[in-house]
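Reading the structure
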Amino acid sequence: MHFLKIAIIVVFAACEVIRICAINMDNAQIVLRETNERRRRHGCPELSLDLDLSQGCQTYAWKLAKDANLTYSDPTNKEYTENICRYPIKRGALSRCVHKWYHGSKLDFTDPKAKEFTAMIWRSSRNMGYGDANINEYEGVFVVRYTPPGNILGLYTDNVPPRANKNKKGKQKHKKRNDCPGHPNIISYRYIILLSILFVVSNNWQSS
């Protein structure tokens, strides 16, 4: 019985590590930082990275990379707002995607070309998910989702305020995707999980 409990804990811990490791946290932080910098210009609260939301983004990014057909997952969904960008794998590419979305600030909210901008700035959104995948050696694609969802008719005026601050920030560096980048948060998380497993195993071994 003790062995079964330990096995279940080990499997659960391994799945959690794999889930976190699948997400390129370095790239996610670049896009999150670029996004929040632009949200601050409009007086909107910063977004937080959501791992559960990111898992869905990662799964869809893999699908897009395989199909090489960049289509939105479900434009009619009411759970999240989604932005997608295909980019060259080189420094600054992720930042340029966010910058490109921000060009929508010069358009009318009702213009379909402004939907990436309004989704990114939407004041009521609080969480961001991120996932990316390599299409080939030279190109990648990333998927970003925001919750609560934005781009809701009748609510644009309240959720997409005009720019309040014109100060600009330097571009962030883009890092190439690794299978599992050594992000300090991931490393700490994995150590905590491993120590917890060892603690449980030790207690069960002593009680046997």
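Structure's up top.
All of these numbers come straight from a predicted model, not from anything done at the bench. (Residues numbered from 1 in each chain as written. Predicted model: local features only at pLDDT ≥ 70, side-chain atom pairs only at ≥ 80, totals over all residues. Heavy atoms only, no water.)

What follows covers the pairing of strand 3 (residues 127-134). Among the eight residues of strand 3, six are classified as buried, and the element is accordingly described as predominantly covered. Bridge analysis of strand 1 (residues 48-49) against strand 3 gives two bridges, and the strand direction is parallel. Considered in strand 3, the bridge of leucine 49 is made with methionine 128. Where strand 3 and strand 4 (residues 139-147) come together, eight bridges link them in antiparallel fashion. Each bridged residue has a counterpart across the sheet, and for glycine 131 the counterpart in strand 4 is valine 143. (Buried < 20%, exposed > 50% of the residue type's maximum accessible area, 1.4 Å probe, protein only. Helix = DSSP H or I, 4+ residues; strand = E, 2+ residues; numbered from the N terminus. Pairing = 2+ DSSP bridges.)

Bringing helix 2 (residues 25-41) into the picture now. Taking 1.5 Å of rise per residue, the 17 residues of helix 2 would be expected to cover 24 Å, and the 24 Å separating its terminal C-alpha atoms lies within 8% of that figure. In terms of burial, helix 2 is a largely internal element, 13 of the 17 residues being buried. You can read the cap of helix 2 off the contacts: a side-chain oxygen lies 3.3 Å from the backbone nitrogen of aspartate 26, and it is on asparagine 24. Following helix 2 by one or two positions, glycine 43 adopts a phi angle in the positive range, close to 70 degrees. (Expected span 1.5 Å × (residues − 1). Polar contact = N/O pair within 3.5 Å; in protein donor to acceptor, adjacent residues only side chain to side chain.)

Limitation: the analysis is restricted to geometry and does not speak to function.
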